[in-house]
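Descriptive structure summary
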Amino acid sequence: MSNIVYQSTRDHNNRVSASQAILKGIAEDGGLYIPTTLPSIRLDWDSLKDASYQEIAKLVIGAFLTDFTAEEIAYCVDAAYDDKFDDQRIAPVVKLQDNAYVLELFHGNTIAFKDMALSILPYLLTTAAKKHQLAEDIVILTATSGDTGKAAMAGFADVPGTKIIVFYPDKAVSKIQELQMTTQMGENTHVVAIKGNFDDAQTAVKAMFNDVTMIETVKSLGYQFSSANSINIGRLVPQVAYYVYVYAQLVKQSALSVNELMDVVVPTGNFGNILAAYYAKQIGTPIRNLICASNQNNVLVDFFNKGVYNRQRPFYVTNSPSMDILVSSNLERLIYHLTGENTDETSRLMQQLMTHGHYTITESMQHQLSDFFAYETSQAQTISTIKEMYEATNYTLDPHTAVAVHAYQQYQGMIHETVPTIIAATASPFKFPTTVMSALDETMCFADDFDSVQQLHEQTGIAIPSTVAELTHLPVRHQTVCEISEMQDTVLSFLED
Ligand SMILES: *Cc1c(COP(=O)(O)O)cnc(C)c1O
């Protein structure tokens, strides 16, 4: 198998192996690592249709991370995708209606799709650290809009040689999301609420990764930074696997015949999940169009429709909070590919975004986006979609998945020929029970999230996931709150302990 080299989107001389890219998280120049060549995988659907999730994950992840041995990949995959998932299929496919299928990515530890990548990342990271005989322990710094933080901590808790520090926007996550984080076990886990929004947290975390003085100080304490955010290639690559898996499953269910095309709809925030679908297409999965679903924070809808990325706009806290993002970090990887893999041009555009808050892509770049469609779903449409789908199909959508279903409906109104379509379901309805339950019955009032969990269970008959049930009696272990300007000192105080 050919060796795949990873390179920064901002400097073609900054080249590393897959394991180094995973250890570093983000490149020193501020760029993101991308594979310089794509793996050539033989996708034999007639045999893949009978493969398990783990088998497909080994095939896909192994093909991208070429400096890991087959044994190392097998160890990581088997440790990650085990009975932490409450469904043996790991990512089950459910028929919604007609040609629409839901890919359920919420059967892991934290009942949201981030588990798909964050359950394997700690194993990839610690395996990479062993490979390079790292002297320092790894410190994972993570900014979260609610789900990543908990999923990362669940993955890293008590993993030897690691510490994890999570920052989330104070009062901007759901009660359940907050409790999931503040009750996190593990001596190596730390959680901090910051006085700012997700973008503030992400910007400050990125700044720490690039702050030479901070890096030196951290090193003198015996640590090295790494990232569990979706910019880490170790997050992106495992996500490619489920798009290969779902195609094989559709073949198995005779929903399509081999090499017939499917469309993919993804509720999008940081652009990680949909970028994984793009890479799945690049390596030969028969995908026709990629439909990017946004909530009221519609920066990507404007980008795909107008070729302008402009973050200077109001920031809305919506009922699909994990997509409340104005700077979609992973878009930089797509930009890099659109520039003809030109690191100077990519740097220039990203610099413009930093200094002016916007950039415009060229017409030739825009032409390459013909397989991307993008739609916005309002908060009211999110609610009505949950209600209508429940009434029509008896399927209960979480608000993020509802944003995707509504985008799918808008897209159906526009295209001529319908093909089997996969809608990525990114969270269990029990992660956002009050929003979901009030959509199902607008006359209801709830004392709190737990009350609505109970109501949702009674109304739909779906069992309450154990990770939600246990929150009512776990002790709160983390209570730190800080200003954006205090984030660096807060990190150092945890490392000096
Ligand atoms: C993170 C998240 C998203 C957005 O995914 P990206 O990869 O950031 O685009 C959508 N839905 C839920 C529930 C999430 O947690």
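Higher on the page you've got the structure.
Here's what I pulled together on the structure shown here.

With antiparallel pairing, three strands are arranged side by side in an open sheet as β2-β1-β3. At either margin of the open sheet sits one strand with a lone partner, and together these are β2 (11-16) and β3 (33-35). Ignoring strand direction, the axes of neighbouring strands in this sheet form an average angle of 40°. The sheet contact formed by strand β1 (residues 6-8) and β2 spans three bridges and is antiparallel. Across the sheet, Q7 pairs through a bridge with R15, a residue of β2.

Taken together, 15 residues are adjacent to the ligand, and K114, D147, G269, N270 and T426 come closest. Contact between the ligand and G269: an oxygen atom at 2.8 Å from a main-chain N or O atom of the residue. Contact distances for the ligand include 2.7 Å between an oxygen atom and a backbone N or O atom of N270. Summarising the interface, the protein chains cover 98% of the accessible area of the ligand, which totals 380 Å² for the free molecule. At a threshold of 2 Å from the grid points, most atoms of the ligand map onto the largest cavity.

For the rest of this paragraph, the subject is a negative patch on the surface. A cluster of acidic residues, E483, E486, D489, E496 and D497, forms a negative patch on the protein surface. Within the secondary structure, E486 is located in the loop between β16 (480-483) and α22 (487-496).

Moving on: the packing of helix α3 (residues 53-64) against helix α4 (residues 70-80). One way to put it is that α3 packs onto α4 with a least axis distance of 10 Å and a crossing angle of 135°. By the criterion of interaxial angle, the relationship of α3 to α4 is oblique. Considering the relative orientation of α3 and α4, their crossing is right-handed. Facing Q54, A57, K58, I61 and G62 of α3, the residues of α4 in contact are I73, A74, V77 and D78. Taken together, the residues of the contact of α3 with α4 sort by class into five nonpolar, two polar and two charged.

Definitions and limits used
- Residues numbered from 1 in each chain as written.
- Predicted model: local features only at pLDDT ≥ 70, side-chain atom pairs only at ≥ 80, totals over all residues.
- Heavy atoms only, no water.
- Pairing = 2+ DSSP bridges.
- Helix = DSSP H or I, 4+ residues; strand = E, 2+ residues; numbered from the N terminus.
- Axes fitted to C-alpha atoms, helices over the stretch in contact; angles between N-to-C directions.
- Near = heavy atom within 4 Å.
- Polar contact = N/O pair within 3.5 Å; in protein donor to acceptor, adjacent residues only side chain to side chain.
- Areas by Shrake-Rupley, 256 points an atom, 1.4 Å probe, with all protein chains shown as cover.
- 1 Å grid on protein atoms, 1.4 Å probe; cavity = no way out; pocket = protein on both sides within 12 Å on 5 of 7 lines; lining within 4 Å.
- Sits in = over half its atoms within 2 Å of the grid points.
- Patch = residues over 30% accessible without salt bridge, like charges linked within 9 Å, V, L, I, M, F, W, Y side chains within 5 Å.
- Salt bridge = Lys/Arg side-chain N within 4 Å of Asp/Glu carboxyl O.
- Lys, Arg positive; Asp, Glu negative; His and termini not counted.
- Charge placed at Lys NZ, Arg CZ, Asp CG, Glu CD.
- Parallel < 35°, antiparallel > 145°, perpendicular 65-115°, else oblique.
- Left-handed = near helix turned anticlockwise from the far one by under 90°.
- Contact = heavy atoms within 4.5 Å.
- Nonpolar A, V, L, I, M, F, W, Y, C, P; charged D, E, K, R; others polar.

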